[in-house]
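# Structural overview
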Amino acid sequence: MNNCLLCESLLDEKLTFCDLLNLKKPKAKACDACFDKFQRISEQHCPKCYRDGIDEICIDCDVWTKKGKEVCHKSCFVYNNEAMKNFFSQYKFQGDYALYSVFTEVLQRELKAYRDYALVPIPVSAEKYQTRGFNQVTALLEGAKLPFKEVLEKHDTIAQSSKTREERLQSQQCFKVKDNVQLPLKILLIDDIYTTGSTLQLAKEILVEAGVKEIVTFSLAR
């Protein structure tokens, strides 16, 4: 028996006929009660960035548009939700690597739509990697067994979580393309949390300058 990674209760794992034939058990990582606490983004969302609860272009996307920046983003869950905030507090900020597999099935299902794109995770700086011990975005993709290509590097800056909304929108460039890397023509940039979009816009800027023809973005939470 396995335990829920979030509440540690025993998981009720049901074997199917195919599981028996393949001698495999379902690999659920969170119980239904815990997973149901995460809030899915509704059908009523910003058409550009998936901000929940509105059906028109949001304030942040309007700012990017006025700056000549295109937003083409998709996200799955609302970040401003107690369960999701607790998840990221434990996973990202406290460095609980074991939680990387909680959203495996969600990511496998959602990212099927991007088969023509190379999956490119947002990197963490060397300093942040040394402190946390892992990149929270690549860990999510590894847990979902999704191939990805690391083409960017990031130098250390003030954490986005400690900035105001205005400071995020004015963030300075912190990315560079890795040396001697072959860039795909179509990229899906992937981050864990989308707040104002500044991190993804900065990464897009560098990739466009390097010659990438098409870039869309995705995050687990918005």
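The paragraphs below set out a description of the structure included in this document. None of the values given here were measured: they were computed from a predicted structure. (Residues numbered from 1 in each chain as written. Predicted model: local features only at pLDDT ≥ 70, side-chain atom pairs only at ≥ 80, totals over all residues. Heavy atoms only, no water.)

This part covers the sheet that holds strand 6 (residues 214-221). Overall, parallel pairing links the 4 strands, which are arranged 1-6-5-2 in an open sheet. Two strands lie at the open edges of the sheet, namely strand 1 (73-77) and strand 2 (118-121), each paired on one side alone. Here the average twist between neighbouring strands, direction ignored, is 25°. Sheet analysis places strand 5 (residues 186-193) next to strand 6, joined by 7 bridges and oriented parallel. The residue bridging Leu189 from the neighbouring strand is Thr217, located in strand 6. Lying over the sheet, helix 4 (residues 82-93) contacts strand 1, strand 5 and strand 6, oriented at roughly 100° with respect to strand 5. (Pairing = 2+ DSSP bridges. Helix = DSSP H or I, 4+ residues; strand = E, 2+ residues; numbered from the N terminus. Axes fitted to C-alpha atoms, helices over the stretch in contact; angles between N-to-C directions. Contact = heavy atoms within 4.5 Å.)

Below, the discussion takes up the environment of Gln90. Examined against the element boundaries, Gln90 turns out to sit in helix 4. The class of Gln90 is partly exposed, set by a relative accessible area of 26%. Residues contacting Gln90, with those up to four places away along its chain left out, are Gly95, Asp96 and Leu99. (Buried < 20%, exposed > 50% of the residue type's maximum accessible area, 1.4 Å probe, protein only.)

Our next topic: helix 9 (residues 198-209). Its 12 residues give helix 9 an end-to-end C-alpha distance of 17 Å, which sits within 8% of 16 Å, the value for a rise of 1.5 Å per residue. Within helix 9, 9 of the 12 residues are buried, leaving the element largely enclosed by the surrounding structure. One or two positions beyond helix 9, positive phi appears at Gly211, with a value near 110°. (Expected span 1.5 Å × (residues − 1).)

Function-wise, these values are silent; they only describe arrangement.
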